[in-house]
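The lines below spell out each chain.
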Amino acid sequence: MSTVSRQTSNLTRGQAMTITTHSARITGPLSYLAESGQQQQIPLGPCLLESEGGPSVNIIWGEQGQSSAALPVETLTAAQATGTLVLLD
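Quick caveat, the model's predicted, so the values are computed rather than measured.

## Things to note about the overall build of the chain
Helices and strands together make up the secondary structure of the chain, namely one helix and eight strands. Its helices and strands taken in sequence order, the chain reads β-β-β-β-β-β-β-α-β from the N to the C terminus. Looking at the chain residue by residue over its 89 residues, the buried ones come to 28%. In the chain, of all internal contacts separated by at least 6 residues, the share reaching a separation of at least 24 is 38%. Summed over its atoms, the accessible surface of the chain is roughly 5,900 Å², and 50% of this surface lies on carbon and sulfur atoms.

## Observations concerning the confidence of the model for the chain
Per-residue confidence for the chain gives a mean pLDDT of 87; residues scoring 70 or more make up 83%. Considering only residues more than four positions removed or in separate chains, one finds that residues 1-11, a stretch of pLDDT under 50, has 28 contacts.

## A look at the layout of surface pockets
In this structure, the largest pocket encloses a volume near 150 Å³. Of all the elements in the fold, those that place two or more residues in the lining of the largest pocket are β5 (45-51), α1 (73-82) and β8 (85-87). Among the residues forming the lining of the largest pocket, the class breakdown is six nonpolar, four polar and no charged.

Calculation criteria
- Residues numbered from 1 in each chain as written.
- Predicted model: local features only at pLDDT ≥ 70, side-chain atom pairs only at ≥ 80, totals over all residues.
- Heavy atoms only, no water.
- Helix = DSSP H or I, 4+ residues; strand = E, 2+ residues; numbered from the N terminus.
- Buried < 20%, exposed > 50% of the residue type's maximum accessible area, 1.4 Å probe, protein only.
- Contact = heavy atoms within 4.5 Å.
- Areas by Shrake-Rupley, 256 points an atom, 1.4 Å probe, with all protein chains shown as cover.
- pLDDT = per-residue confidence, 0-100.
- 1 Å grid on protein atoms, 1.4 Å probe; cavity = no way out; pocket = protein on both sides within 12 Å on 5 of 7 lines; lining within 4 Å.
- Points joined across faces, edges and corners; volume = space filled by probe spheres on them.
- Nonpolar A, V, L, I, M, F, W, Y, C, P; charged D, E, K, R; others polar.

Take a look at the structure:
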């Protein structure tokens, strides 16, 4: 499995932060809490996963990456176990 990692500067603390990015595909129902407070479904299809090593992972989707949501690592691990989320790299 290959990952893309990049370091960005944390301006408030002067420390580098590593962000790991994976290509993935949503193959079944995966919901997130929208800004409106309602549960929404992430559309089936390609997405990117970006992790900074914390308790949540950002999922980015849409033709130009215009949509995103942060989900707990546990939710994504469960989605992977059921085949709802498939890592491509």
